[in-house]
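Below are the chains, spelled out letter by letter.
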2 protein chains.
Amino acid sequence: MPSAETPIDPIRAVTELLARLPGVGERTAQRLTFHLLRQDAAYTAALAAALTQLTRDVALCARCHDFTAGGTCAICRDARRDQALVCVVATPQDLHAVEATGEYRGLYHVLGGLLSPLEGVGPDNLRVRELVVRLGESAPREVILALRPSVEGESTSFYLQKLLKPLGVAVTVIASGVPMGGEIEYADRMTLARALTGRRPA
Amino acid sequence: MPSAETPIDPIRAVTELLARLPGVGERTAQRLTFHLLRQDAAYTAALAAALTQLTRDVALCARCHDFTAGGTCAICRDARRDQALVCVVATPQDLHAVEATGEYRGLYHVLGGLLSPLEGVGPDNLRVRELVVRLGESAPREVILALRPSVEGESTSFYLQKLLKPLGVAVTVIASGVPMGGEIEYADRMTLARALTGRRPA
């Protein structure tokens with residue numbers, strides 16, 4: 001639709017911006033825009049306000065580097081959490097996944113990614129130095145490495161294990177094996193092999 | 001993540017609002033929110049501004065009832081378009097689809113839906129009266145009914161044909177048949193039957 005009436009056509013602007021989101025093509029973006037136009041304006045206004053707040057108020061927690069809306073994050077400020085336990089994760093999403101288990105009551109450290117020489121990601125591109133400084137200051141009882149069981153995840157784990165050894169802190173890694181409800185028959189060889197080597201007394 | 005730091009956690013707010021969009025589940029909404037957090041803030045700010053503009057500036061064209069950002073829409077105001085040709089569509093999306101063909105240079109009329117007695121949609125719920133008034137005033141050469149070949153679309157077409165007959169305007173309906181590139185072998189019976197009855201001299 002040609003639009004001479006305004007310098008920017010809001011329908012086209014919203015469609016083009018939505019189309020840049022991952023997994024949203026041009027057709028989906030158009031469908032979403034028309035959906036918004038049919039909605040109560042209050043919803044779209046609330047979304048716009050929340051997005052504005054997101055860019056304005058959300059920053060990284062100075063301690064764990066998770067996203068937070070106000071200085072130090074709620075987890076780091078929560079005195080009831082075990083301050084002597086630090087779980088190292090690659091991303092804030094991974095932190096949320098661990099948190100959602102309800103099984104963990106310690107603190108976190110978000111690396112901001114995994115080592116990947118092929119993609120030019122080295123220790124200086126991750127929050128490795130911050131981790132070392134932090135562990136040197138707080139001397140926790142245990143550091144849990146909760147990194148993805150993949151080439152990058154395991155190289156990062158190995159790298160951190162070697163790096164943290166001199167600090168004298170106990171370093172553990174999360175278990176890898178056949179997922180809950182998974183079929184032994186259909187488990188891939190690597191996963192099954194890992195489940196076997198990681199076996200423990202029943 | 002518990003959030004005591006602000007009355008509203010923008011991360012959770014954006015996630016919950018995005019999760020209300022069609023085809024966007026909770027997981028996708030969370031993925032999109034984290035994607036936004038990793039983006040340049042300018043993108044998210046632009047999206048927020050465009051959404052605000054969408055709710056504030058977009059209204060329905062008083063003549064054709066398409067969405068427009070300023071009074072009468074650009075199509076209705078375009079004097080180069082054939083003013084004696086009106087294409088009736090169910091939704092603004094359908095209007096955009098017809099417009100995208102580049103084959104049509106007349107005006108439009110957006111009904112705002114299709115007749116559906118089962119869903120309680122009668123002529124009074126659509127812009128039927130507006131269409132009759134408009135055709136009475138402008139007396140176009142032809143009215144093209146571009147409604148979906150479905151029970152609702154065809155009932156609406158039949159209804160409008162009967163209604164517009166006394167106005168003495170030529171009413172046509174778009175062709176229905178085997179789609180371009182479609183296989184005769186795999187066409188459904190209804191479509192193939194329609195293609196046969198709608199046959200024309202080669």
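Every chain is numbered on its own, with residues counted from 1 as its sequence reads. As a convention, the first chain written is A and the first ligand written is 1, with the rest following in written order. Reporting in this predicted model follows two pLDDT cut-offs: at least 70 for local features of residues, and 80 or more for side-chain atom pairs to be given and counted; totals over whole chains, interfaces and linings ignore these cut-offs and use all residues. Only hydrogens and water are set aside when side-chain values are computed; all heavy atoms of the structure are taken into account.

### Overview of the side chain of A:H65
At step 1: You can see A:H65 is positioned in the loop between β1 (59-60) and β2 (67-68).
At step 2: Among residues more than four places away in sequence, those in contact with A:H65 are A:L60, A:H109, A:V110, A:R127 and A:E130. Each helix corresponds to a stretch of at least 4 residues labelled H or I by DSSP, and each strand to a stretch of at least 2 residues labelled E; elements are numbered beginning at the N terminus. Note on definitions: a residue-residue contact is assigned when non-hydrogen atoms from the two residues lie within 4.5 Å.

### Brief notes about the sheet that holds strand β6 (residues 170-173) of chain B
Paired through their backbone hydrogen bonds, the strands of a sheet run either parallel or antiparallel.
Residues and elements named next belong to chain B.
At step 1: Strands sit in the order β4-β3-β5-β6 across an open sheet of four strands; the sheet is parallel. Both edges of this open sheet fall to β4 (106-110) and β6, since each of them pairs with a single strand only. The average angle at which neighbouring strand axes cross in this sheet is 25 degrees, direction not considered.
At step 2: Pairs of strands are assigned from DSSP output, requiring at least two bridges between the strands. Sheet analysis places strand β3 (residues 82-89) next to strand β5 (residues 142-145), joined by four bridges and oriented parallel. By the bridge assignment, V88 is partnered in β5 with L145.
At step 3: In the packing of helix α5 (residues 92-100) onto the sheet, the strands contacted are β3 and β4, and the crossing angle to β4 comes to about 160 degrees. Fitting a line to C-alpha atoms yields each axis, with helices limited to the stretch in contact; the angle taken between N-to-C directions then spans 0 to 180 degrees.

### Notes on the relation of the copies chain A and chain B
At step 1: Alignment of the copies relies on least squares applied to C-alpha atoms, considering only residues that score at least 70 for pLDDT in both. Structural alignment of chain A on chain B gives an RMSD of 0.1 Å, achieved by rotating through 180 degrees and translating 0.0 Å along the axis. Interpreted geometrically, this transformation is the action of a two-fold axis. Considering only C-alpha atoms, the residue of chain A closest to the rotation axis is A:A48, which sits at 2.1 Å.

### A few points about the nonpolar core
At step 1: Ranked by internal contacts, the top residues of the largest apolar core, which has 40 residues, are A:L51 and B:L51.
At step 2: Apart from the residues within four sequence positions on either side, B:L51 is in contact with A:V14, A:L36, A:T44, A:L47, A:A48 and A:L51. Only buried residues count toward a nonpolar core, which is a set of Ala, Val, Leu, Ile, Met, Phe, Trp, Tyr and Cys residues joined through side-chain atoms within 4.5 Å. Each residue is assigned to one of three classes by its accessible area relative to the maximum for its type, calculated with a 1.4 Å probe on protein chains only: buried under 20%, partly exposed between the two thresholds, exposed over 50%.

### A short note on the domain arrangement of chain A
At step 1: We note that the domain assignment places domain 1 (10-57) and domain 2 (67-201) within chain A.
At step 2: Segmentation into domains, and thus their bounds, comes from an automatic or database assignment. Averaged C-alpha coordinates put domain 1 of chain A and domain 2 of chain A at centres separated by 34 Å.

### Details of the sheet that holds strand β5 (residues 142-145) of chain A
All names here are of chain A.
At step 1: On the basis of which strands lie adjacent, the open sheet formed by four strands has the order β4-β3-β5-β6 and parallel pairing. Strands with a single pairing partner mark the edges of an open sheet, and in this sheet they are β4 (106-110) and β6 (170-173). Neighbour-to-neighbour, the strand axes of this sheet turn through a mean angle of 25 degrees, independent of strand direction.
At step 2: By the bridge criterion, four bridges tie β5 to β6 in an arrangement that is parallel. The residue bridging L145 from the neighbouring strand is V173, located in β6.

### Quick notes on the interface of chain A and chain B
At step 1: Counting residues at the interface gives 52 residues for chain A and 52 residues for chain B.
At step 2: By definition, the buried area sums, over both parts, the 1.4 Å-probe accessible area that each loses when the two are put together. Regarding the contact of chain A and chain B, the summed buried area is about 4900 Å², with carbon and sulfur atoms giving 76% of it.
At step 3: We count a salt bridge whenever a side-chain nitrogen from Lys or Arg sits within 4 Å of a carboxyl oxygen from Asp or Glu. Counting across the interface, chain A meets chain B through zero salt bridges.
At step 4: Mapped by element, the contributors of at least two residues to the side of chain A that touches chain B are α1 (10-18), α2 (26-38), α3 (41-57), β2, α4 (74-77) and α5 (92-100) of chain A.

### Here we look at the packing of helix α6 (residues 128-138) of chain A against helix α7 (residues 151-164) of chain A
Residues and elements named next belong to chain A.
At step 1: Taken N-terminus to C-terminus, the directions of α6 and α7 make an angle of 35 degrees; their axes are 11 Å apart at the nearest point. For the pair α6 and α7, the sense of crossing is right-handed. Counting all contacts with α6, which are made through V128, L131, V132 and L135, the residues of α7 involved are Y159, L160, L163 and L164.
At step 2: Grouping the constituent residues of the contact of α6 with α7 by class yields eight nonpolar, no polar and no charged. Handedness of a helix crossing follows the sense of rotation of the near helix relative to the far helix, less than a right angle counterclockwise being left-handed and clockwise being right-handed. Residues are grouped as follows: Ala, Val, Leu, Ile, Met, Phe, Trp, Tyr, Cys and Pro are nonpolar; Asp, Glu, Lys and Arg are charged; every other residue, Gly included, is polar.

### Notes on the pattern of salt bridges
At step 1: The final tally for this structure, using the stated rule, is 13 salt bridges over all chains.
At step 2: Close ionic contact of A:R81 with A:E99 constitutes a salt bridge, the shortest N to O distance being 2.7 Å. One end of the pair, A:R81, is in the loop between α4 and β3 (82-89); the other, A:E99, is in helix α5, and 18 residues separate them in sequence.
At step 3: Accessibility expressed as a relative area gives 15% for A:E99, which makes it buried.
At step 4: Put simply, B:D78 and B:R105 hold a salt bridge, and the shortest N to O gap is 3.9 Å. On the criterion of sequence distance, the pair formed by B:D78 in the loop between α4 (74-77) and β3 and B:R105 in the loop between α5 and β4 is long-range, its members being 27 residues apart.
At step 5: Classification of B:D78 by relative accessible area gives buried; the value is 11%.
At step 6: Several salt bridges converge on common partners, so that one network encompasses A:D78, A:R80 and A:R105.

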